[in-house]
Amino acid sequence: MPRPPAPRKTTGRPARISREEIIRTARRIVTEDGADRLTMRRLATEIGSTPMALYHHVRDKEELLLLLLDDHAARSLRRPEPPPADPRDRVLAAATAIHEVLAACPWIVEVLTADDLMSTSALWFVEQIVAGLTESGLSLDEAVRGYRTIWYYTAGEILVHATSARRRSTDDRPTYRDQVFAALDPAELPLLSRAAPRWTPLTAEDTYEQGLRALLTGLLSHTPA
């Protein structure tokens, strides 16, 4: 007896998706694997849709990253109310707030260091830093350069700590630096040799605020007291 024909499969339309679902799934991907592993194809697969359907909500990956930046900043950045009256304290408070939010989500720093993507939700904090620097005696141009210096310090500190922590979590072998420091010649490098046993824990300490204060003092050192 001949076997009855198998039922014909129909693909149908992909399930309807929302921008909120896109952002939620994209946030999970970049949090777990990093921004470089986020692609429109992978995002569509994990949502259960098609790349073409995503383009009805976001133009491309760059716009998607901007949405993620704004979403995270809007949910996490909290403006101090009221802002500190002293301009230097205002710079410290704004920079520290940015640091705390980004340190909890290092993938954002990787995106921001492209230097052409910026969260509009964070611009209020940038304004506070620039305003604090100008009120402390810098010209507007100098204040913008000062903000750039503070941002480079902030981003670099987060990236170094995040990369180091990620490496330690996946590989417990001695690093190349550990091997080099273990073989230092005390006659040639006496101070590094003495510090070598404590180098790793010392450089792993959270000294962001201390460094920020020193940096701010240097930026304002030529202005009137």
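Reading the values: the criteria
All residue numbers refer to position in the chain's written sequence, counted from 1. Only residues with pLDDT of at least 70 are given local features in this predicted model, and only at 80 or more are side-chain atom pairs given and counted; all residues enter the totals for whole chains, interfaces and linings. By convention in this description, side-chain values take in all heavy atoms of the structure and omit both hydrogens and water. Cavities and pockets were defined on a 1 Å grid built over protein atoms only: a cavity is a set of grid points that admits a 1.4 Å probe from which the probe cannot escape, a pocket is an open set flanked by protein on both sides within 12 Å along at least five of seven lines, and lining residues are those with an atom within 4 Å of any such point. Grid points are joined across faces, edges and corners, and a volume is the space filled by probe spheres set on the points. Working definition: helices are DSSP H or I runs of at least four residues, strands are E runs of at least two. Numbering for both runs from the N terminus. The nonpolar class holds Ala, Val, Leu, Ile, Met, Phe, Trp, Tyr, Cys and Pro. Asp, Glu, Lys and Arg form the charged class, and all remaining residues, Gly among them, are polar. Note on definitions: salt bridges are taken to be side-chain nitrogens of Lys or Arg within 4 Å of carboxyl oxygens of Asp or Glu. Buried means the residue's accessible area, taken with a 1.4 Å probe over protein chains only, is under 20% of the maximum for its type, while exposed means over 50%, and partly exposed covers the values in between. The angle between two axes is taken between their N-to-C directions and runs from 0 to 180 degrees, where each axis is a line fitted to C-alpha atoms and a helix contributes only its stretch in contact. Working rule for angles: under 35 degrees goes down as roughly parallel, over 145 as roughly antiparallel, 65 to 115 as roughly perpendicular, anything else as oblique. Each crossing gets its hand from how the near helix is turned against the far one by less than a right angle, where anticlockwise is left-handed and clockwise is right-handed. Only heavy atoms matter for contacts: two residues are in contact if any of them lie within 4.5 Å across the pair.

Naming follows an unreviewed UniProt entry, where the protein appears as AcrR family transcriptional regulator of Streptomyces echinatus.

**With respect to empty space enclosed by the protein**
Tallied over the entire structure, the rule returns one cavity of 30 Å³ or more. Around the largest cavity, the lining residues are Ala-95, Ile-98, Ile-129, Tyr-147, Ile-150, Trp-151, Thr-154 and Tyr-208. At four residues, helix 8 (residues 140–170) tops the list of elements feeding residues into the lining of the largest cavity. Of the residues that constitute the lining of the largest cavity, the class distribution is seven nonpolar, one polar and no charged.

**A closer look at the pattern of salt bridges**
Across all of its chains, the model carries nine salt bridges by this definition. Where Asp-60 meets Arg-59, a salt bridge forms, and the shortest distance between an N and an O atom there is 3.6 Å. The class of Asp-60 is partly exposed, set by a relative accessible area of 28%. For Arg-59, a relative accessible area of 55% gives the class exposed. One salt bridge connects Glu-135 with Arg-90, and the closest N-O pair in it is separated by 3.1 Å. Residue Glu-135 is found in helix 7 (residues 123–135), and its partner Arg-90 is found in helix 5 (residues 87–103); the two are separated by 45 residues along the sequence. Assessed through its relative accessible area of 48%, Glu-135 is described here as partly exposed.

**Regarding the environment of Glu-209**
With respect to the element layout, Glu-209 can be found in helix 11 (residues 208–219). Between the alpha carbons of Glu-209 and Thr-154 there is a distance of 9.9 Å; along the sequence they are 55 residues apart.

**Comments concerning the packing of helix 5 against helix 7**
Between helix 5 and helix 7, the shortest axis-to-axis distance is 8 Å and the interhelical angle comes to 155°. Our classification of the angle between helix 5 and helix 7 gives roughly antiparallel. The handedness of the crossing between helix 5 and helix 7 is left-handed. Residue-level inspection shows Pro-87, Arg-90, Val-91, Ala-94, Ala-95, Ala-97 and Ile-98 of helix 5 in contact with helix 7, the latter providing Phe-125, Gln-128, Ile-129, Ala-131, Gly-132, Leu-133 and Glu-135.

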